[in-house]
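Here is what each chain is made of, one letter per residue.
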Amino acid sequence: MPLERIPLRSVEVGDGLQARRALPHRARRMVGAWCFLDHLGPLAFAAGHGLSVGPHPHIGLATFTWMIEGEVVHRDSLGNEQLIRPGQVNLMTAGRGIAHAEDSPAGAAGRLHAVQLWIALDDAHRHQAPAFRNHPDLPVLERDGCAITVLVGAAFGKASPVAVHSPLLSMDIAAAAGGSIEIPLDPAFEHALLPLVGEVAVEGAAFDQNALAYFAPGQRSVHLRCGAGSRCVLIGGTPFAEDILLWWNFVARTQDEIRTASDGWNAGRGFGDVRGSPSRRLVAPDPTGLRLRPQAR
Ligand code: MN
């Protein structure tokens, strides 16, 4: 099976935390509708130095947060305030516009390990009203030494309750004592696998947290040999049929849409207020002069 190896890069998230970004990458913009993938931690932080991502807007996408270790407070312009705990997913569907903030709980030192993905919304759903949902209970199954949490879609007869707007798959695979597993795939999907901890051999090729393994549609299964203590996340979906513009926190189709969202946020129009975040409100950078082109998929 031909595998693409996509290196991750370091990015700063909010005020001062380092994360690793897998998507978008020049060589691979999307995997299905998944258009953004940040891996945060695992890390320990001192009191006052945790996650601090102040109020900021989104349009045209859904943010998908998978919490592995630690806790984060989500606050949004719909008035939701939700503590997300390990083993839970937060799905925030921005639609035509929402703002939110993500902060470590006040005052505490702690640990943090999470994955945040964005899902591009198709034209039929990207203008819908914003929505937020916390999913505290996801199906977990044991197979061949692996604990598999079904995050999106279905696997091994278990279906995730997380409702998305395009055909997608995501699962977390943790192998405390190591394991060797064949995972059935939908051949209509493209897929990618990212080790989060330890080493995972994908069809015999070694991968760790520094590279994403991408494989094109047509695969009916993938074989993983998971090292002891390893954990990885698998994502997939049907190749996204629309050209998108991804700029800052926005997924749009035209430069005008980006400009309207950016100007609106900076002028305090169109997104509502996020209350209670201790972090500073982010300012949209000026898109003037950017050469925004629809992205090759
Ligand atoms: Mn966000």
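Keep in mind that this is a model prediction, so the values were computed, not measured.

Rules used throughout
Residues numbered from 1 in each chain as written. Predicted model: local features only at pLDDT ≥ 70, side-chain atom pairs only at ≥ 80, totals over all residues. Heavy atoms only, no water. Phe/Tyr/Trp six-rings, centres within 6.5 Å; stacked < 30°, edge-to-face > 60°. Buried < 20%, exposed > 50% of the residue type's maximum accessible area, 1.4 Å probe, protein only. Lys NZ or Arg CZ within 6 Å of the ring centre and 35° of its normal. Helix = DSSP H or I, 4+ residues; strand = E, 2+ residues; numbered from the N terminus. Polar contact = N/O pair within 3.5 Å; in protein donor to acceptor, adjacent residues only side chain to side chain. Contact = heavy atoms within 4.5 Å. Core = buried A, V, L, I, M, F, W, Y, C linked by side-chain atoms within 4.5 Å. Pairing = 2+ DSSP bridges. Axes fitted to C-alpha atoms, helices over the stretch in contact; angles between N-to-C directions. Donors = N, O, S within 2.8 Å, 3.2 Å for Na, K, Ca; no water.

S.K.: I keep staring at the packing of aromatic side chains and nothing clicks. Help me out?
M.R.: Centre-to-centre distance and the angle between the planes together describe a pair of aromatic rings. A full pass over the atoms with the stated rule returns 6 aromatic pairs. Between the aromatic rings of Trp 248 and Phe 250, the centroid separation amounts to 5.5 Å while the plane-to-plane angle is 80°, which identifies the pairing as edge-to-face. For Trp 248, a relative accessible area of 23% translates into the label partly exposed. Ring centres 5.8 Å apart and planes at 80° place the aromatic pair Trp 265 and Phe 271 in the edge-to-face group. Just as Trp 265 is buried, Phe 271 falls in that class too. Of note, Arg 28 hangs over the ring of Tyr 214, and the distance from its end group to the ring centre comes to 3.7 Å. Residue placement shows Arg 281 over the ring face of Trp 265; its charged tip is 3.6 Å from the ring centre.

S.K.: Would you mind showing me how to read the side chain of Gln 116 here?
M.R.: Tracing the chain through its elements places Gln 116 in strand E11 (residues 110-120). At 3.2 Å, the side chain of Gln 116 and the side chain of Trp 118 are in polar contact. Excluding residues that lie within four positions of it along the chain, Gln 116 makes contacts with Phe 36, Leu 37, Asp 38, Thr 63, Phe 64, Thr 65 and Glu 102.

S.K.: Help me out: how do you make sense of the environment of Leu 8 in this one?
M.R.: With respect to the secondary-structure elements, Leu 8 resides in the loop between strand E1 (4-7) and strand E2 (9-13). The exposure class assigned to Leu 8 is buried, which follows from its relative accessible area of 15%. Excluding residues within four positions of it along the chain, Leu 8 makes contact with Arg 20, Arg 21, Ala 22, Leu 194, Gln 209, Asn 210, Ala 211 and Leu 212.

S.K.: Looking at this structure, I do not really get the nonpolar core. What am I missing?
M.R.: Buried together is how nonpolar side chains tend to be arranged in soluble globular proteins. Core analysis: the largest hydrophobic core is formed by 40 residues, its most contacted members being Leu 37, Phe 64 and Leu 212. Non-local contacts of Leu 37, meaning those with residues more than four positions away in its chain, are made with Arg 20, Arg 21, Ala 22, Leu 23, Val 115, Gln 116, Leu 117, Leu 194, Leu 212 and Ile 235. Ranked by size, the runner-up nonpolar core spans 25 residues in total, among them Ile 173, Ala 175, Val 202 and Leu 224.

S.K.: Looking at this structure, I do not really get the sheet that holds strand E5 (residues 52-58). What am I missing?
M.R.: The sheet built from 4 strands is open, its strands ordered E5-E10-E7-E8 with antiparallel pairing. Both outer strands of the open sheet, E5 and strand E8 (81-84), are each paired with one neighbouring strand and no more. Averaged over all pairs of adjacent strands, the angle between strand axes in this sheet comes to 20°, irrespective of strand direction. Examined bridge by bridge, strand E7 (residues 72-76) and strand E10 (residues 98-103) share 4 bridges and lie antiparallel to one another. Pairing of Val 73 across the sheet is with Asp 103, part of E10.

S.K.: Would you mind showing me how to read the pairing of strand E17 (residues 168-175) here?
M.R.: Along any regular strand, the residues point their side chains to alternate faces of the sheet. Counting buried positions over the 8 residues of E17 gives 8, a clear majority of the element. Pairing geometry for strand E14 (residues 146-152) and E17, over 5 bridges, is antiparallel. Note on E17: the bridge partner recorded for Val 152 is Ser 170. Bridge analysis of E17 against strand E24 (residues 230-237) gives 8 bridges, and the strand direction is antiparallel.

S.K.: Help me out: how do you make sense of unusual backbone geometry in this one?
M.R.: That bond from Leu 23 to Pro 24 is cis: its omega, -5°, falls within 30 degrees of zero. Topologically, Pro 24 is positioned in the loop between strand E3 (17-23) and strand E4 (34-45). Gly 41 connects to Pro 42 through a cis peptide bond whose omega is 5°. Looking at where Pro 42 falls in the secondary structure, it is placed in strand E4. Unlike most non-glycine residues, Phe 156 shows phi in positive territory, near 50°. Along the chain, the position of Phe 156 falls in the loop between strand E15 (154-155) and strand E16 (158-159). The partly exposed category is assigned to Phe 156, whose relative accessible area is 21%. Not every positive phi belongs to a glycine, and Glu 203 is a case in point at roughly 50°. Positionally, Glu 203 belongs in the loop between strand E20 (200-202) and strand E21 (205-207).

S.K.: Can you help me understand the pairing of E3 in this one?
M.R.: The element E3 is largely enclosed, with a buried count of 5 among its 7 residues. The pairing of E2 with E3 spans 5 bridges and is antiparallel. Bridging across to E3, Glu 12 finds its partner in Gln 18. Connecting E2 to the antiparallel partner E3 that follows it, the hairpin turn spans 3 residues, and Gly 14 within it adopts a positive phi of roughly 60°.

S.K.: Even after reading the chapter, I still don't get the coordination of the manganese ion, so can you show me in this structure?
M.R.: As a benchmark, a tetrahedral metal site with four donors has ideal angles of 109.5 degrees, while an octahedral site with six donors has ideal angles of 90 or 180 degrees. Within the first shell, the manganese ion binds the protein through His 56 (NE2), His 58 (NE2) and His 100 (NE2), at distances of 2.1 Å. Sequence spacing of the donors to the manganese ion: H-x1-H-x41-H. Within this pair, whereas His 58 is found in strand E5, its partner His 100 is found in strand E10, the two being separated by 42 residues in sequence. Given a relative accessible area of 1%, His 100 falls into the buried group.

Purely geometric numbers; function is a separate question.
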